[in-house]
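Here is how the chains run, residue by residue.
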Number of protein chains: 2
Amino acid sequence: MSQLVNHCHRLRQRPVGRLTDDDLEFVAEPVPKITHNQALIQTLFLSLDPAARIWVSDVHYSLPPVKIGNVMRGIGIGRVIESRRNDMKAGDLVSGLTGWQRYAIADDEANEGPFTVVPPLHRDLPLSAVLGPLGHTGITAYLGVHDIARPQRGETMVVSAAAGAVGSIAGQIGKAHGARVVGIAGSPDKCRHVVETLGFDSCINHRDQAWRQQLDQATPDGIDVDFENVGGPIMNHVLSRLNIGARVALCGLISEYNTYDARPDTRRCQPNIARSLMVSRALIQSFLVLDHPDRFDEAIEYLSQMIGDGKLTYDETIIEGLENAPCALQQLFDGAIRGKLLIKVSE
Amino acid sequence: MSQLVNHCHRLRQRPVGRLTDDDLEFVAEPVPKITHNQALIQTLFLSLDPAARIWVSDVHYSLPPVKIGNVMRGIGIGRVIESRRNDMKAGDLVSGLTGWQRYAIADDEANEGPFTVVPPLHRDLPLSAVLGPLGHTGITAYLGVHDIARPQRGETMVVSAAAGAVGSIAGQIGKAHGARVVGIAGSPDKCRHVVETLGFDSCINHRDQAWRQQLDQATPDGIDVDFENVGGPIMNHVLSRLNIGARVALCGLISEYNTYDARPDTRRCQPNIARSLMVSRALIQSFLVLDHPDRFDEAIEYLSQMIGDGKLTYDETIIEGLENAPCALQQLFDGAIRGKLLIKVSE
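The structure displayed is predicted, hence computed values, not measured ones. (Residues numbered from 1 in each chain as written. Chains lettered and ligands numbered in written order. Predicted model: local features only at pLDDT ≥ 70, side-chain atom pairs only at ≥ 80, totals over all residues.)

## What to know about the overall build of chain A
Applicable threshold: Comment: elements are numbered from the N terminus, with helices defined as DSSP H or I runs of at least four residues and strands as E runs of at least two. In this treatment the radius of gyration is a C-alpha quantity, and the globule benchmark scales as 2.2 Å times the residue count to the 0.38 power. Exposure in this text rests on C-beta crowding, where 20 or more other C-beta atoms within 10 Å of a residue's own make it buried, 12 or fewer make it exposed, and counts in between make it partly exposed. The C-beta atoms are placed from the backbone.
Looking only at helices and strands, chain A has nine helices and 15 strands in total. In terms of overall size, chain A behaves like a compact globule, its C-alpha atoms giving a radius of gyration of 20 Å where 347 residues would be expected to give roughly 20 Å. Dimensions of chain A along its principal axes, counting C-alpha atoms only, are 65 × 50 × 35 Å. Within chain A, the fraction of its 347 residues that count as buried is 50%.

## Concerning the environment of A:L40
All names here are of chain A. Short version of the rule: Throughout, a residue-residue contact means that the two C-beta atoms, derived from backbone geometry, are no farther apart than 7 Å.
The residue L40 is located in strand β3 (residues 39–47) in this model. Judged by local crowding, L40 falls into the buried class, with 23 C-beta atoms found within 10 Å. Not counting the four nearest positions on each side in its chain, L40 is found in contact with V31, I34, I81, E82, Y103 and I105.

## Section: the packing of helix α2 (residues 136–149) of chain A against helix α8 (residues 296–308) of chain A
Residues and elements named next belong to chain A. Keep this limit in mind: Comment: axis = line fitted to C-alpha atoms, over the contacting stretch for helices; angle = value between 0 and 180 degrees taken between N-to-C directions. We call two directions roughly parallel when the angle between them is under 35 degrees, roughly antiparallel when it is over 145, roughly perpendicular when it lies between 65 and 115, and oblique otherwise. Residue polarity is assigned by list, with Asp, Glu, Lys and Arg as charged and Ala, Val, Leu, Ile, Met, Phe, Trp, Tyr, Cys and Pro as nonpolar; anything else, Gly included, falls into the polar class.
Viewed as axis vectors pointing N to C, α2 and α8 meet at an angle of 95°, and their least axial separation amounts to 9 Å. It follows that α2 is roughly perpendicular to α8 by the angle criterion. Between α2, through G138, I139, Y142 and L143, and α8, the contact on the second element is made entirely by F296, A299, Y302 and L303. Considered class by class, the residues forming the contact of α2 with α8 number seven nonpolar, one polar and no charged.

## Comments concerning α8(A)
Residues and elements named next belong to chain A. Our working rule: Multiply 1.5 Å by the residue count of a helix minus one, and that product is the helix's expected span. The directions considered for the arc run from the helix axis to the C-beta atoms.
In this model, α8 (13 residues) spans 18 Å end to end at C-alpha, consistent with the 18 Å of a helix rising 1.5 Å per residue. Taken together, the buried positions of α8 are A299, L303 and M306. Seen along its axis, α8 keeps its buried residues to an arc of 55°; they face one direction. Exposed residues lying more than 90 degrees from the buried face of α8 are D297 and G308. In this structure, the buried side of α8 is in contact with α2 and α3 (165–176).

## Description of the environment of B:G178
Residue and element names in this part refer to chain B. Mapped onto the elements of the fold, G178 is located in the loop between α3 (165–176) and β9 (180–185). The exposure class of G178 is partly exposed, given the 13 C-beta atoms found within 10 Å. C-alpha of G178 to C-alpha of G154: the two residues are 24 residues apart in sequence and 6.1 Å apart in space.

## Structural notes on the sheet that holds strand β10 (residues 202–205) of chain A
Our working rule: In this scheme, strands are said to pair when DSSP sees at least two bridges between them.
Taken together, twelve strands build an open sheet; the order of strands is β10(A)-β9(A)-β8(A)-β11(A)-β12(A)-β13(A)-β13(B)-β12(B)-β11(B)-β8(B)-β9(B)-β10(B) and the sheet is mixed. Sheet topology places β10 of chain A together with β10 (202–205) of chain B at the edges, where each strand pairs with a single neighbour. The average angle at which neighbouring strand axes cross in this sheet is 15°, direction not considered. Sheet topology note: the strand β9 (residues 180–185) of chain A/β10(A) ladder contains four bridges and is parallel. When the bridges of β10(A) are listed, A:G183 appears paired with A:C203. Against the sheet, helix α5 (residues 211–218) of chain A touches β9 and β10 of chain A, its axis set at about 165° to β10(A). Of the strands in this sheet, β9 and β10 of chain B touch helix α4 (residues 188–196) of chain B, which is tilted by about 170° from β10(B).

## Structural notes on the domain arrangement of chain A
When the parts of a complex come together, some accessible area is lost, and that lost area is often used as the size of the interface. All names here are of chain A. This is how the line gets drawn: What counts as a domain boundary in this text is fixed by an automatic or database domain assignment.
Considered domain by domain, chain A is made up of domain 1 (5–125 + 315–344) and domain 2 (136–292 + 300–305). Look at where the C-alpha atoms of domain 1 and domain 2 centre, and you get two points 27 Å apart. With 20 residues of domain 1 at the contact, the number on the domain 2 side is 18 residues. Every element with two or more residues in the side of domain 1 that touches domain 2 is listed here: α1 (51–55) and β15 (340–344).

## Things to note about helix α6 (residues 232–239) of chain A
Judged by how many residues are buried, α6(A) sits mostly within the fold: six of eight residues are covered. Among the residues of α6(A), those classed as buried are A:I234, A:M235, A:N236, A:H237, A:V238 and A:L239.

## Some words on the environment of A:H206
All names here are of chain A. Relative to the helices and strands, H206 is located in the loop between β10 and α5. The exposure class assigned to H206 is buried, which follows from the 24 C-beta atoms found within 10 Å. A sequence separation of 180 residues divides H206 from F26, and the C-alpha atoms of the two residues are 35 Å apart.

So, in structure tokens, the structure goes:
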């Protein structure tokens, strides 16, 4: 097996602003031999998530920043090629922090998170679903809606990045709870998809100049729940319409990550968010799926049931070739991607 | 009784920026005769709270904005002069929204909130305590700490406006919970008082140029709880130091109220607060004492017990004369007041 060549993206420097090709280096290296309690994994699919941009900045977000020179961090699924671990054998499908590379060493002591064998797939779903509705993406939507947003029948729920991987699922869970769900997305096509295919009650295109008025008209009784994926002016406006006792599940702030180059400048002061929260006696709470491994089974059961009942439609965009990962991540930030973004690394 | 003259502050115009003498008119008027289910109240003490500045702006905060021409809203205590209500008789002490006036009509249908007879005072406390530690001030501190902040033994809790009416009590409740409590106040004298008399572990003077470094040094293990009364740059910096799973009880934003002239400009975008919350998976929740009348008895019992046990010291600043209310409110915003600010209206 020693002739195997690993291709990987290593972090060359911390990006300033957008992640560019200069920030990563795509290199070919020999695959190291595994030792006791390790397994060699061939990456099949790699999940590209907005958090990737945080991980390469100098911000500790659930995990320390990726070190300069290290392989770029990412969640993936792969097949065990060779195993010296008791919990997996050659041929098994596993998921974990494979990184942006063709071959990963599954070593739970050395890695930043455990690798786990993927249980038999529910309902004949494709393997990629393990990174989408039945993986960290779907579980994020589930936890945010169930634990924080808690939409009630008849309430108005807003979901930003409504055509995105998490937002599209969060909105459908909100519908299942009986809420009136208003999406916010970045193009007329996305909005049409969000309403016609995903079943949201309406969807506002935030690239339309009049989006604020449109959102106001779409939420005539105010907003009881915000499932927030975007931040910035969109979040500011949504929060200014919160009803008394509203809940904001703070899932992501994709509009802001490209500015995470350094410590926040706490001298700049902008009172909008705090004022909105105060006047509405609202709750805002952020959360991270990786904090709640004890909830994964419950979430997967719920999401799997929704899919089986035909109540959860999910989208995925699969881009071929590991070398395309940096460019694909950019497309995610440009709003060019619908649903879950995956890199197909190997057959 | 028809010869009684009422002196009152009526709202002439909505302030832009600070409330000035031009915004209110101090007028003398005949006291109207009471009718069925009304009582005539002579105001003894009037509570001045930061929320007063919100109530004269065009923002609905728990109650509609005070209408132009109406008597300025305020919570007070008074003595019943004459009663045609079944629940109070001449001589009773009552509390409620007396407004900024010498004589109020207690009419629960016409008023914005009920008037209630003050129960016999606990532990020989002065009457003013009904507006301070045993009134909406103390109950606010109690609810914010117990329901939202929930400091645990050994955690670090920060309290802004630590020498203020609510902050001083919130910090002492935090100490009773076993937290290490760090105050933020606006002068060396206040800070000394907060530590030496109120028993906080330390206190930072935010008018010192190096306050951020001092706060960092005073919270070497980060911040688990923020009891927020101030907002602006102080809140921004505190939130940038939140630990994972921190809780922020958003009680007030006194640094911002003078800007509440109009709807918030949601086009301005400043991501600090949201970013801090997201990275720390923190919860921030605002609350308002008036939403929770069902909790008042429990809170008063707790606070009364703390006073009896010598664990709660409270300060009050009493200014004589109803005519001085507008100027006194300004002093509150200037940070010139220690503890609860009251106007003594009548003997």
